[in-house]
Amino acid sequence: MRVLCAFPEAMPSSNSRPPACLAPVALFLALLFHLSFSSQVGDRRPLPVDRAPGLKEKTLILLDVSTKNPVRTVNENFLSLQLDPSIIHDGWLDFLSSKRLVTLARGLSPAFLRFGGKRTDFLQFQNLRNPAKSRGGPGPDYYLKNYEDARSLDKLYNFADCSGLHLIFALNALRRNPNNSWNSSSALSLLKYSASKKYNISWELGNEPNNYRTMHGRAVNGSQLGKDYIQLKSLLQPIRIYSRASLYGPNIGRPRKNVIALLDGFMKVAGSTVDAVTWQHCYIDGRVVKVMDFLKTRLLDTLSDQIRKIQKVVNTYTPGKKIWLEGVVTTSAGGTNNLSDSYAAGFLWLNTLGMLANQGIDVVIRHSFFDHGYNHLVDQNFNPLPDYWLSLLYKRLIGPKVLAVHVAGLQRKPRPGRVIRDKLRIYAHCTNHHNHNYVRGSITLFIINLHRSRKKIKLAGTLRDKLVHQYLLQPYGQEGLKSKSVQLNGQPLVMVDDGTLPELKPRPLRPGRTLVIPPVTMGFYVVKNVNALACRYR
């Protein structure tokens, strides 16, 4: 069924006053009673506080932002999405017609939608409307596992189009000729069909080619992969609708020594052929993880070194070429149950967004939007998970212009190559100009507090005495950091119905008020009417 885009307990009082000498004793007893009562509340007990020797418990942090010029400007589609081809097992992608799923996807637009993953290099295209009835052919299970048929491609494109997403399709790169060159016959058939339907699609070739020998027993080096991309470009150019279509790659894995060698070979041959250079990142390699792992600053900072490695190779051959992180997951093998899809995983995700934009990465594609392992934003029952709501807030509030943050009062001195030290991380952007609740020139901060104590931030300089809207995202329910539900400013976030997302209501903070960031939380703070020069114009 085709998606229709239009569906769119009080103490008793006493009249007698105690003698003055007994007042301190009465006060002490009252305080003792209060503490005894509070200790029995259970869930209301505060988290233990980390106290460094010689430092006061509460440190006031002064924060200002440079408003004259942005330090970076990223893509309007900076936060984008991925669908893994493994979902093709479930009814020919018919579930993509779900009104609820379209509503959730539309909430994150504009964005790219990459259709790619480990099964990319097993799929072949067949222009058969009902392959199960094809005479002499294999049964439907075979096609479901190995083929992308025309009907599935129609469903996929309609989903992307109705959701306001631009489709990027990853073609099979493992179909090889005897001389190890790319066999493009299946890809050409898909290109001709999609062109006949006037589908506006961008393209890729393969997925993590550095793993081909391990996973498939066949290696493809960087030079050969570069030639394959040039071959794909030559297939696109004669097709009128795709003569100027964007091409992205090579979608390598974590930049270890062998992967850097592959990228180097690729860039020598096809660096100028691709519109953006792409790679993938996984924070934790398949080992058993605990919830506290997601709060480790060392883990959060592993990405920064990878960015520099990729940038070094790319800038050697094509200085200024756009770089995308195309496929980011918290843990490998589909994630970790009850952790990768919990509130705790959001610290990694939000820090990833902040760090990538600050270091000049143009686009980040989240793996996966729907039902793949435990790293997804939406589960198999079409329920949005914590990272979905985090992404929705990001989309609504954050614009593409990145601003420099200046802080004073942090307990640790900054070290080269990192954005913010310690367990308090602060990022600043111009507020999304598509958000009509805020005038141009407003600034949005997003703050991650990994401390087990609250932190106080005083806005200074150009941000001083401005009205602030707070969007504080916290776990909802008794599971704490492991919760799969969240609350915004104390109100749980749930869909109104299948076609309606909830209103994201801010909490206004009076001008000049100190921002108090609760322990182990994250939030967005829109500083209104700053009239920042960097944010007044697109």
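Residues numbered from 1 in each chain as written. Predicted model: local features only at pLDDT ≥ 70, side-chain atom pairs only at ≥ 80, totals over all residues. Heavy atoms only, no water.

Let's talk about the pattern of salt bridges
Applying the stated criterion across every chain yields a total of 13 salt bridges. Here Arg 151 and Asp 94 are joined by a salt bridge, their closest N and O atoms 3.1 Å apart. Of this pair, Arg 151 sits in helix 4 (residues 150-163) while Asp 94 sits in the loop between strand 3 (79-83) and helix 2 (99-106), placing them 57 residues apart in sequence. By relative accessible area, Arg 151 is classed as partly exposed at 28%. As a salt-bridge pair, Lys 484 and Asp 341 come within 3.7 Å of each other at their nearest N and O atoms. Residue Lys 484 is located in the loop between strand 18 (468-475) and strand 19 (486-488), and its partner Asp 341 is located in the loop between strand 11 (322-331) and helix 11 (346-358); the two are separated by 143 residues in the primary sequence. The class for Lys 484 is partly exposed, based on a relative accessible area of 26%. (Salt bridge = Lys/Arg side-chain N within 4 Å of Asp/Glu carboxyl O. Helix = DSSP H or I, 4+ residues; strand = E, 2+ residues; numbered from the N terminus. Buried < 20%, exposed > 50% of the residue type's maximum accessible area, 1.4 Å probe, protein only.)

Brief notes about helix 7 (residues 222-236)
Spanning 15 residues, helix 7 covers 21 Å between terminal C-alpha atoms, matching the ideal 21 Å at 1.5 Å per step. Of the positions making up helix 7, those classed as buried are Gly 222, Gln 224, Leu 225, Gly 226, Asp 228, Tyr 229, Leu 232, Lys 233, Leu 235 and Leu 236. Packing partners of the buried residues in helix 7 comprise strand 7 (165-171), helix 5 (185-196), strand 8 (201-205), strand 9 (247-252) and helix 8 (257-270). For helix 7, the N-terminal capping position is held by Asn 221, with its side-chain oxygen 3.3 Å away from the main-chain nitrogen of Ser 223. (Expected span 1.5 Å × (residues − 1). Contact = heavy atoms within 4.5 Å. Polar contact = N/O pair within 3.5 Å; in protein donor to acceptor, adjacent residues only side chain to side chain.)

A few points about the packing of aromatic side chains
Under the definition given, this model contains 18 aromatic pairs. Taking 5.5 Å as the distance between ring centres and 35° as the angle between the ring planes, the aromatic pair formed by Phe 115 and Phe 169 counts as tilted. Of this pair, Phe 115 sits in strand 4 (residues 111-115) while Phe 169 is found in strand 7, placing the two residues 54 residues apart along the sequence. Residues Phe 115 and Phe 169 agree in their burial class; the two are buried. Between Phe 159 and Phe 369 the ring centres are 6.4 Å apart and the planes differ by 40°, which places this aromatic pair in the tilted class. Taken together, the residues Phe 159 in helix 4 and Phe 369 in the loop between strand 12 (363-367) and helix 12 (386-397) connect sequence positions 210 residues apart. The two residues Phe 159 and Phe 369 agree in class, both being buried. Through pairs of rings, three or more aromatic residues link up here, namely Phe 78, Tyr 394, Tyr 427, Phe 446 and Phe 524. Just above the ring of Trp 349 sits the side chain of Arg 366; from NZ or CZ to the centre is 4.9 Å. (Phe/Tyr/Trp six-rings, centres within 6.5 Å; stacked < 30°, edge-to-face > 60°. Lys NZ or Arg CZ within 6 Å of the ring centre and 35° of its normal.)

Things to note about empty space enclosed by the protein
By volume, the largest cavity amounts to about 130 Å³. Its residues assigned to classes, the lining of the largest cavity shows ten nonpolar, five polar and two charged. (1 Å grid on protein atoms, 1.4 Å probe; cavity = no way out; pocket = protein on both sides within 12 Å on 5 of 7 lines; lining within 4 Å. Points joined across faces, edges and corners; volume = space filled by probe spheres on them. Nonpolar A, V, L, I, M, F, W, Y, C, P; charged D, E, K, R; others polar.)

Describing the state of the cysteines
Inspection of the entire model under this criterion finds one disulfide. Put simply, Cys 430 and Cys 535 are joined by a disulfide, and their sulfur atoms are 2.0 Å apart. One disulfide, between Cys 430 and Cys 535, carries an S-S torsion of -80° and so falls in the left-handed class. Placement of Cys 430 in strand 15 (residues 424-431) and of Cys 535 in helix 13 (residues 533-536) is noted, with a sequence separation of 105 residues between them. Its relative accessible area of 4% is what places Cys 430 among the buried residues. (Disulfide = S-S within 2.5 Å.)

Some details on the confidence of the model for the protein
Taken over all residues, the pLDDT of the protein has a mean of 84, while the share at 70 or more is 79%. For the stretch residues 7-57, pLDDT sits under 50, and the model shows 22 contacts to residues farther than four places along the chain or on other chains. Here residues 130-146 is a poorly scored stretch, pLDDT under 50, and it has 20 contacts once near neighbours within four places are set aside; other chains count. (pLDDT = per-residue confidence, 0-100.)

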